[in-house]
Amino acid sequence: YDAAGNRDMVPHDAFGVMGGLRLLIKGASGMDPYIDISGWALSGDEGDIHEKNRDFFSMESNNSTLIMESSWGLDIDCNYWAIKGEIGTKLPKPADNVKLVVVMGYFNLLQVPAAWIGTNMEDNKQLGWEIDVRFVWTVAENVDLFLGWGSLNDAFFFKDMFNTNNSVNMAAGGITAKF
């Protein structure tokens, strides 16, 4: 609503797109190995709220990678595109309630910060590539314990933006409960 109390409609241009394929191999071994390949694009912000609302489209609960997306890492929720691959399998019996998962992703900004436009940093959109290895132990139907390690490399955007290293490692452990 505007100051006079009239309804003011602003069209939204934010978007989020995700698509992929998962190949699951069910077999007598019970290990159920799989491979997953996906592409992601989550819009950024052009900042002109008077024309169209292009504010950030956030995927807050997307935590498929430890460093780039999880709340323990950088928690990047929007303004990027990514290509991700994941392979996983259950361990052989009697440890078939433990799963090994390897995730790899390549991340790039959709839009650089406005202050970089017209500078030599305008083309620097590379957020980096990440590889994670996780063990997930299903202790109950809706409860998992996990232990993981991740490595983010070639993160040149962060190096230029924050004058920091272009790589980082992270170890994490925790519990996931679904209600």
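Here's a quick rundown of the structure. Because the structure is predicted, anything quoted here is derived from the model rather than measured. (Residues numbered from 1 in each chain as written. Predicted model: local features only at pLDDT ≥ 70, side-chain atom pairs only at ≥ 80, totals over all residues. Heavy atoms only, no water.)

## Points about the packing of aromatic side chains
- Throughout the structure, instances matching the rule amount to five aromatic pairs.
- Ring centres of Trp 81 and Tyr 106 lie 5.7 Å apart, and the angle between their planes is 55°; this geometry places the pair in the tilted category. In this pair, Trp 81 sits in strand S3 (residues 80-90) while Tyr 106 sits in strand S4 (residues 98-109), placing the two residues 25 residues apart along the sequence.
- You can call Trp 81 partly exposed: its relative accessible area is 28%.
- Its relative accessible area of 29% is what places Tyr 106 among the partly exposed residues.
- What links up through ring pairs into an aromatic cluster is the set Phe 157, Phe 158 and Phe 162. (Phe/Tyr/Trp six-rings, centres within 6.5 Å; stacked < 30°, edge-to-face > 60°. Helix = DSSP H or I, 4+ residues; strand = E, 2+ residues; numbered from the N terminus. Buried < 20%, exposed > 50% of the residue type's maximum accessible area, 1.4 Å probe, protein only.)

## With respect to a nonpolar patch on the surface
- Where nonpolar side chains cluster on the molecular surface, the patch consists of Leu 23, Ile 25, Ile 35, Ile 37 and Ile 87 and spans about 460 Å² of accessible area.
- Assignment of secondary structure puts Ile 25 in the loop between strand S1 (16-24) and strand S2 (34-42). (Patch = residues over 30% accessible without salt bridge, like charges linked within 9 Å, V, L, I, M, F, W, Y side chains within 5 Å. Areas by Shrake-Rupley, 256 points an atom, 1.4 Å probe, with all protein chains shown as cover. Salt bridge = Lys/Arg side-chain N within 4 Å of Asp/Glu carboxyl O.)

## Points about the pairing of strand S6 (residues 143-153)
- Of the strand pairs in this sheet, strand S5 (residues 126-140) and S6 are connected by eleven bridges, and their pairing is antiparallel. Of the residues in S6, the one forming a bridge with Val 133 is Trp 149.
- Between the end of S5 and the start of S6, which pair antiparallel, lie two residues. (Pairing = 2+ DSSP bridges.)

## Some remarks on the sheet that holds S2
- Taken in spatial order, the seven strands line up as S1-S2-S3-S4-S5-S6-S7 in an open sheet, and their pairing is antiparallel. One side of each edge strand has no neighbouring strand; the edge strands of this open sheet are S1 and strand S7 (168-177). Across this sheet, the average inter-strand angle for adjacent strands is 15°, counted without regard to direction.
- Bridge count for S4 against S5 is eleven bridges, and the pairing is antiparallel. The residue bridging Lys 99 from the neighbouring strand is Val 136, located in S5. (Axes fitted to C-alpha atoms, helices over the stretch in contact; angles between N-to-C directions.)

## Looking at the pattern of salt bridges
- Scanning the entire structure with this criterion turns up six salt bridges.
- Among the ionic pairs, Lys 26 bridges to Asp 32, the shortest N-O distance being 3.8 Å.
- With relative accessibility at 62%, the residue Lys 26 sits in the exposed group.
- For Lys 90, the salt bridge is made with Asp 32, and the minimal N-O distance between the two is 3.3 Å. On the criterion of sequence distance, the pair formed by Lys 90 in strand S3 and Asp 32 in the loop between S1 and S2 is long-range, its members being 58 residues apart.
- You can call Lys 90 partly exposed: its relative accessible area is 31%.
- In this structure, a network of salt bridges that share partners links the residues Arg 22, Asp 36 and Glu 86.

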